Amino acid sequence: MSSTPPNGKYKHHQVQYIEFLSENLDRAKKFYSSAFGWKFVDYGPDYTAFGGDYVDGGFMPGKPVKGTILVVLYSDDLDATRDKVAAAGGTIVKDVFKFPGGRRFHFADPDGYELAVWTVEQ
């Protein structure tokens, strides 16, 4: 049985919700809103939810565990996204490189989480 998503935002088998630990929720909100335009809603002092065009998630207090998962985001303009991540305070840990079908880079956010951003090769 299938149902129609309430807003057309969801795709079958997409990563739909991601939860992170952060040692500083305000810092996480500032970084991700600046780098990716995510909007935040606080649910008390110990949880903040975020939403973007195709991703939702949240942050809660805690010490991040580095290297346990790699979240990969998509960008229509990889170089502009890289510059925006760096300007927001992210650390580029693997600069832009090619792989079959595209290009990507990896960065660490202010809590030390490593994420990647990719685009299709043109």
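This one's a predicted model, so the numbers in the text were calculated from it and none came from an experiment.

(A) Highlighting helix α1 (residues 25-36). The terminal C-alpha atoms of α1, which comprises 12 residues, lie 16 Å apart, in line with the 16 Å expected from a rise of 1.5 Å per residue. Every buried residue belonging to α1 is among Leu25, Ala28, Lys29, Phe31, Tyr32 and Ala35, and all of these are buried. Looking at where α1 begins, the residue whose side-chain oxygen comes 3.2 Å from the main-chain nitrogen of Asp26 is Asn24.

(B) Region of the structure containing the sheet that holds strand β2 (residues 39-42). Strand order in the open sheet made by the 4 strands is β1-β4-β3-β2, with mixed pairing throughout. Looking at the sheet topology across the chains shown, the edges are occupied by β1 (17-22) and β2. Across the sheet, the axes of successive neighbouring strands diverge by a mean angle of 25°, strand direction being ignored. As paired strands, β1 and strand β4 (residues 56-61) are joined by 6 bridges and run parallel to one another. Note on β4: the bridge partner recorded for Phe20 is Phe59.

(C) Structural view of the sheet that holds strand β6 (residues 91-99). Strand order in this open sheet of 4 strands is β5-β8-β7-β6, and the pairing throughout is mixed. Each having just a single partner strand, β5 (71-74) and β6 make up the two edges of the open sheet. The mean inter-strand angle of the sheet, taken between neighbouring strand axes irrespective of direction, is 20°. Where β5 meets strand β8 (residues 114-120), 4 bridges bridge the pair, whose relative direction is parallel.

(D) Quick look at the packing of α1 against helix α2 (residues 78-87). Across the interface, α1 lies against α2 with an axial gap of 8 Å and an inter-helix angle of 155°. The angle between α1 and α2 places the two elements in the roughly antiparallel class. Two packed elements cross with a definite hand, and for α1 against α2 that hand is right-handed. Residue-level contacts link Phe31, Ser34, Ala35 and Phe36 of α1 to Thr81, Lys84 and Val85 of α2. Tallied by class, the residues present in the contact of α1 with α2 amount to 4 nonpolar, 2 polar and 1 charged.

(E) Summary view of α2. Within α2, burial applies to Leu78, Thr81 and Val85. The arc that holds the buried residues of α2, viewed along the axis, is 60°, so those residues lie on one side. Elements in contact with the buried residues of α2: α1, β6, β7 (102-108) and β8. Note on α2: the residue one or two positions beyond its end, Gly89, has a positive phi of about 110°.

Thresholds, definitions, all that
Residues numbered from 1 in each chain as written. Predicted model: local features only at pLDDT ≥ 70, side-chain atom pairs only at ≥ 80, totals over all residues. Heavy atoms only, no water. Helix = DSSP H or I, 4+ residues; strand = E, 2+ residues; numbered from the N terminus. Expected span 1.5 Å × (residues − 1). Buried < 20%, exposed > 50% of the residue type's maximum accessible area, 1.4 Å probe, protein only. Polar contact = N/O pair within 3.5 Å; in protein donor to acceptor, adjacent residues only side chain to side chain. Pairing = 2+ DSSP bridges. Axes fitted to C-alpha atoms, helices over the stretch in contact; angles between N-to-C directions. Parallel < 35°, antiparallel > 145°, perpendicular 65-115°, else oblique. Left-handed = near helix turned anticlockwise from the far one by under 90°. Contact = heavy atoms within 4.5 Å. Nonpolar A, V, L, I, M, F, W, Y, C, P; charged D, E, K, R; others polar. Arc of directions from axis to C-beta.

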